[in-house]
Amino acid sequence: MATISSLFLKTPTPTQPLPKTHKTHFSTPLNLPLSSRKFRPGQQARARIRCGLIEPDGGKLVNLIVEESQKAQITNRALSLAQIKLSKIDIQWVHVLSEGWASPLKGFMRESEFLQTLHFNSTRLENGSVVNMSVPIVLAIDDFQKDQIGGSSSVTLVDDKNKPIAILNDIEIYKHNKEERIARTWGTTAPGLPYAEEAITHAGNWLIGGDLEVIEPIKYNDGLDRFRLSPAELRDEFTRRNADAVFAFQLRNPVHNGHALLMTDTRRRLLEMGYKNPVLLLHPLGGFTKADDVPLHWRMKQHEKVLEDGVLDPETTVVSIFPSPMHYAGPTEVQWHAKARINAGANFYIVGRDPAGMGHPLEKRDLYDADHGKKVLSMAPGLERLNILPFRVAAYDKTQNKMAFFDPSRPHDFIFISGTKMRALAKNKESPPDGFMCPGGWKVLVEYYDSLASAENGRIPEALAV
């Protein structure tokens with residue numbers, strides 16, 4: 001059986017049919033084309049077709065990693081400055097910022113950027129143009145750290161082993177109003193919001209912003225770094241593949257055949273619109289997720305099987321990891337997910353039911369209206385250049401024994417298999433209906449839940465090789 005690493009190096013040829021034994025291709029760098037109209041379900045899509053990739057926000061992709069020739073000098077300077085120790089989530093945000101996912105942002109937000117993000121879901125550039133920015137990217141410090149910094153204009157950011165990661169320059173320290181931040185990001189201050197509990201509630205009462213100089217690329221040494229492609233690398237890869245459209249699909253769950261149907265149908269629609277080689281960016285979120293989400297390592301293993309089993313075509317699919325932490329902030333956060341993919345070169349974004357949503361932490365209901373995410377994306381400031389592709393609803397069609405688009409004229413022929421139901425089947429080592437998920441992908445899911453049971457019984461689960 002092919003491993004992800006061996007498949008990663010394989011260069012596919014574009015139009016061959018996909019045999020059952022075709023090897024998975026998890027790619028590296030890419031580049032994309034531009035189109036500038038959103039369309040609604042049922043509306044004929046007539047996006048403008050252009051050569052070349054969509055421009056990053058602000059017109060230039062930000063790269064905050066210092067040149068190799070300056071690395072020693074910057075490192076020596078970092079050792080002479082006051083230090084702030086970063087959490088895992090803080091480091092994930094340094095990663096996001098350093099590679100330009102949040103372009104044109106050049107560091108942790110100062111107060112003016114924070115307030116614009118919080119109140120307008122956008123920031124205004126010096127030339128008067130507006131770019132979308134819906135999620136605050138900020139760094140919290142406590143009273144002691146604030147006093148240690150004193151009147152300094154720069155500070156060093158270090159990891160848990162006190163290794164310098166970056167220098168934050170021209171700093172500004174301002175009050176961290178946690179209640180306002182939580183209320184405006186999530187629309188509620190109810191306890192139990194995963195990201196808020198992890199990164200805000202117990203954080204310091206001050207925020208520090210400034211321009212970043214990142215000493216070297218962020219690495220996690222978890223066997224998956226080769227899949228963490230920067231926006232620049234993705235753009236290079238899209239260009240190498242001669243993509244004339246790139247459509248992005250964000251997910252934080254295992255891929256089932258309903259997802260695959262949506263992705264393959266999107267490519268069909270783009271071909272009908274006149275594009276010659278649309279490429280799918282399958283982009284699992286790789287930062288912080290809540291405790292009951294399937295961990296990234298297992299999700300990557302499952303995505304590999306989806307391509308190996310021919311559910312998606314590896315010749316027109318690029319699988320990469322998006323390094324952002326997950327907020328579960330619904331319509332507010334989905335704007336961030338879409339904006340970041342513009343910077344990676346995507347000009348089409350697939351959005352489904354309740355994107356970036358979660359159940360209410362206290363009540364038995366969804367926290368957000370399931371349709372609001374796609375409606376907000378179609379109106380969001382700064383996302384006018386991005387074509388939004390709403391999902392059609394997919395369900396299991398009992399008459400065809402496969403996932404299909406729901407037909408309201410025969411509702412009794414369809415079964416909706418929820419994530420809760422899917423998890424229950426996998427935990428009990430039961431099989432879903434034929435055609436719900438590829439066998440290899442389902443086996444990985446069963447192995448994951450079996451590893452949880454083993455851990456609960458005091459047995460150490462086997463390490464999963466990817």
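Note that the structure is predicted; figures quoted are calculated from it, not measured. (Residues numbered from 1 in each chain as written. Predicted model: local features only at pLDDT ≥ 70, side-chain atom pairs only at ≥ 80, totals over all residues. Heavy atoms only, no water.)

A. Geometry of the side chain of Gln-335. For Gln-335, the position within the fold is in helix H11 (residues 330–343). Residue class for Gln-335 comes out buried when judged on its relative accessible area of 3%. Among all residues touching Gln-335, those that are not within four sequence positions of it are Asn-121, Asn-132, Ser-134, Val-376, Leu-377, Ala-380 and Leu-383. (Helix = DSSP H or I, 4+ residues; strand = E, 2+ residues; numbered from the N terminus. Buried < 20%, exposed > 50% of the residue type's maximum accessible area, 1.4 Å probe, protein only. Contact = heavy atoms within 4.5 Å.)

B. Molecular detail of the packing of H11 against helix H12 (residues 372–379). Closest axis-to-axis distance for the H11/H12 pair is 9 Å, and the angle between their directions is 55°. Judged by the inter-axis angle, H11 sits oblique to H12. Considering only the axes of H11 and H12, their crossing is right-handed. Here Pro-331, Val-334, Gln-335 and Ala-338 of H11 lie close against H12, whose contacting residues are His-372, Gly-373, Val-376 and Leu-377. Partitioning the contact of H11 with H12 into residue classes produces five nonpolar, three polar and no charged. (Axes fitted to C-alpha atoms, helices over the stretch in contact; angles between N-to-C directions. Parallel < 35°, antiparallel > 145°, perpendicular 65-115°, else oblique. Left-handed = near helix turned anticlockwise from the far one by under 90°. Nonpolar A, V, L, I, M, F, W, Y, C, P; charged D, E, K, R; others polar.)

C. Region of the structure containing the side chain of Thr-266. For Thr-266, the location among the structural elements is in helix H9 (residues 257–272). A polar side-chain atom of Thr-266 sits 2.8 Å from the main-chain carbonyl oxygen of Leu-262. Setting aside anything within four residues of it in sequence, one finds Thr-266 in contact with Phe-247, Ile-350 and Leu-389. (Polar contact = N/O pair within 3.5 Å; in protein donor to acceptor, adjacent residues only side chain to side chain.)

D. Summary view of the packing of aromatic side chains. Applying the stated criterion across every chain yields a total of 12 aromatic pairs. Consider the rings of Tyr-275 and Phe-348, whose centres lie 5.7 Å apart with planes at 90°: the pair is edge-to-face. In this pair, Tyr-275 sits in the loop between H9 and strand S9 (278–284) while Phe-348 sits in strand S11 (residues 348–351), placing the two residues 73 residues apart along the sequence. Assigned by exposure class, Tyr-275 and Phe-348 land together as buried. Ring plane angle 50° and centroid distance 5.4 Å describe the contact between Phe-406 and Phe-416, whose orientation is recorded as tilted. Of this pair, Phe-406 sits in the loop between strand S14 (402–405) and strand S15 (414–415) while Phe-416 sits in the loop between S15 and helix H13 (419–427), placing them 10 residues apart in sequence. (Phe/Tyr/Trp six-rings, centres within 6.5 Å; stacked < 30°, edge-to-face > 60°.)

E. How the structure looks around the sheet that holds strand S10 (residues 317–319). If you trace the five strands from one edge of the open sheet to the other, you get S10-S9-S8-S11-S12, paired in parallel fashion. Every interior strand has two partners, whereas the edge strands, S10 and strand S12 (387–390), have only one. Sheet twist, expressed as the mean angle between neighbouring strand axes with direction ignored, is 25°. Taken together, the four bridges between S11 and S12 define a ladder with parallel strand orientation. Bridged to Tyr-349 within S12 is Ile-388. Helix-sheet contacts for H9 involve strand S8 (245–251), S9, S11 and S12, and the interaxial angle to S8 is about 165°. With respect to the sheet, H11 is in contact with S8, S9 and S11, its orientation differing from that of S11 by roughly 150°. (Pairing = 2+ DSSP bridges.)

F. A look at the pattern of salt bridges. In this structure the tally under the stated criterion is 24 salt bridges. Among the salt bridges present, the one from Glu-213 reaches Arg-77, with a minimum N-O distance of 3.5 Å. Taken together, the residues span a long stretch of sequence, with Glu-213 in strand S7 (residues 206–214) and Arg-77 in helix H2 (residues 71–78) at a distance of 136 residues. A salt bridge links Arg-252 to Asp-293, with the shortest nitrogen-to-oxygen separation between them at 3.2 Å. In this pair, Arg-252 sits in the loop between S8 and H9 while Asp-293 sits in the loop between S9 and helix H10 (296–308), placing the two residues 41 residues apart along the sequence. Side by side, Arg-252 and Asp-293 carry an identical accessibility label, which is buried. One salt-bridge network, in which partners are shared between bridges, spans Arg-252, Lys-290, Asp-292 and Asp-293. (Salt bridge = Lys/Arg side-chain N within 4 Å of Asp/Glu carboxyl O.)

G. Structural detail: the sheet that holds strand S13 (residues 394–397). As summarised here, the arrangement of the three strands in space is S14-S13-S15, forming an open sheet in which the pairing is antiparallel. Of all the strands in the sheet, just S14 and S15 have a single pairing partner and so form its edges. For S13 and S15, the ladder comprises two bridges, and the chain directions are antiparallel. Each bridged residue has a counterpart across the sheet, and for Asp-397 the counterpart in S15 is Phe-414.

H. Structural view of helix H6 (residues 178–186). Among the residues of H6, Lys-178, Arg-181, Ile-182, Thr-185 and Trp-186 are the ones counted as buried. The buried side chains of H6 occupy one side of the element, clustering within an arc of 95° when seen end-on. The secondary structure elements touched by the buried residues of H6 are helix H4 (111–120), helix H7 (194–199) and H11. Trailing H6 by a residue or two, Gly-187 shows a phi angle of about 75°, which is positive. (Arc of directions from axis to C-beta.)

Shape descriptors only; they carry no functional weight alone.
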